[in-house]
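Per-entry structural report
Residue strings, one per chain:
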Amino acid sequence: HFDVSKPWLNRVIERSEKLSLKAVDGVSFSIRRGETVALVGESGCGKSTVARLVVGLYGLTRGSLVFDGEDISDLAQRTGRQAASLRKRFQMIFQDPYASLNPLWRVGTIIGEPLRFFRPEMSSADRRRRVGELLEQVGMSPMDALRYPHEFSGGQRQRISIARALSNEPEFMICDEPTSALDVSVQAQILNLMRDLQDEYGLTYLFISHDMAVVKHMSDRIAVMYLGRIAEIAPSDQLFGNPHHPYSKMLLAAVPSLEGVGKERTMIQGEVPNPVHPPSGCAFHPRCPHANARCKAEVPLLIARDDGSEVACHGVEEGRIE
Ligand code: SF4
Ligand code: MG
């Protein structure tokens, strides 16, 4: 039922005066079926806000959200059976799996809960079998169903939350820093698992991260966010090979070797301005070596380039910057 040729998540635009700390604006992108799009940027840039808008945890105050051809901009306000069956097509995976796993429930109950809700007709024997399969799919044992979350390591808990997310056979997974709380070696295992599951089930990922090294490993396309806006969006190879936006260049220049993966770093020099009162014009201008008068006055919009990237920068548009 997907129209693969057509971008199905067409446009995400949000503007919020009330939640100005979390405001994002002019964020517009599409994700195709089976693709991984990463949102990267420093903390406070609005990437988690975009994730929560997409799954309807926050409401849009302006703009629209289109999923599989349907306008679902009002998802946050929708209730009832139909809304539930729409929501089950998206699943969100969070940074801290422990916080999202009920400590009083056995793992089998946790993974089986969405099945009990969405497929009440399923017998408990079938459900147990399905939970066992899901545990195997994420590299665990069906016997683990009998244990409790605290008996597992961080990486195994993330596997449990992935199994739970998979139980509804979702099409679209929104992953908010899913590995940044894990050790480097465990991170790689979880990322590999996520890629294998994507291949097997044709999953689509929106992958949120502050870590360029992780994002390089995972994504087809990357959207670089700065203070609530997309600075540049491009195919992953294109962005790593030839970034255009001065902020993308700074982020990439600060990408560490693999042993640094996962550690929150001071990535680039200069303060991140207060997102409540972003600088005028291009919000990056106080940190940009190429800023001029136009940059201070006028917000740059995303402009498509011949190489497949879209860049929001006056300097790039004017040809002052490569
Ligand atoms: Fe720098 Fe101006 Fe481009 Fe902003 S618009 S990144 S200030 S050159
Ligand atoms: Mg975040």
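Residues numbered from 1 in each chain as written. Chains lettered and ligands numbered in written order. Predicted model: local features only at pLDDT ≥ 70, side-chain atom pairs only at ≥ 80, totals over all residues.

In the annotation of an unreviewed UniProt entry, the protein is listed under the name ATP-binding cassette domain-containing protein and assigned to Billgrantia montanilacus. Word for word, the UniProt comment on the protein under Sequence similarities (unreviewed entry) is "Belongs to the ABC transporter superfamily." (UniProt positions renumbered as here; feature names shortened; annotations may be inferred.)

1. A word on the overall build of the protein
The helix and strand tally for the protein stands at 11 helices and 10 strands. Out of the 322 residues in the protein, the part that is buried amounts to 40%. (Helix = DSSP H or I, 4+ residues; strand = E, 2+ residues; numbered from the N terminus. Buried ≥ 20, exposed ≤ 12 C-beta atoms within 10 Å, placed from the backbone.)

2. What to know about the sheet that holds strand β4 (residues 90-93)
Overall, mixed pairing links the 8 strands, which are arranged β4-β5-β6-β1-β7-β8-β10-β9 in an open sheet. A strand with exactly one partner marks an edge of an open sheet, and here the two such strands are β4 and β9 (303-304). Relative to strand β10 (residues 310-311), β9 is paired through 2 bridges, and the arrangement is antiparallel. Within β10, the residue paired with I303 across the bridge is V311. Against the sheet, helix α1 (residues 47-54) touches β1 (36-40), β4, β5 (172-176), β6 (204-209) and β7 (221-226), its axis set at about 150° to β6. Packed on one face of the sheet, helix α9 (residues 246-253) meets β7 and β8 (229-235) and runs near 105° to β7. (Pairing = 2+ DSSP bridges. Contact = placed C-beta atoms within 7 Å. Axes fitted to C-alpha atoms, helices over the stretch in contact; angles between N-to-C directions.)

3. Section: the environment of D144
On the secondary structure map, D144 appears in the loop between α4 (124-137) and α5 (154-166). With 106 residues separating them along the chain, D144 and M250 place their C-alpha atoms 44 Å apart.

4. Brief notes about the packing of helix α3 (residues 107-118) against α5
Helix-helix packing is characterised by the crossing angle of the two axes and by the distance between the axes. For the pair α3 and α5, the least separation of the axes is 7 Å and the interaxial angle reads 30°. As summarised for this structure, α3 and α5 are arranged roughly parallel, according to the angle between their axes. For the pair α3 and α5, the contacting residues are V107, I110, I111 and P114 in the first and I160, A163 and R164 in the second. Partitioned by chemical class, the residues of the contact of α3 with α5 number 6 nonpolar, no polar and 1 charged. (Parallel < 35°, antiparallel > 145°, perpendicular 65-115°, else oblique. Nonpolar A, V, L, I, M, F, W, Y, C, P; charged D, E, K, R; others polar.)

5. Here we look at the pairing of β7
Across the 6 residues of β7, 6 count as buried, placing the element largely inside the fold. The alternating pattern of β7 places R221, A223 and M225 and I222, V224 and Y226 on opposite faces, both of which are buried. Here 4 bridges tie β1 to β7, and the two strands are oriented parallel to one another. The residue of β7 that forms the bridge with A38 is I222. Pairing geometry for β7 and β8, over 6 bridges, is antiparallel. Within β8, the residue paired with I222 across the bridge is A234. Taken together, β7 and the strand that follows it, β8, pair antiparallel across an intervening segment of 2 residues, in which L227 is found at a positive phi of about 45°.

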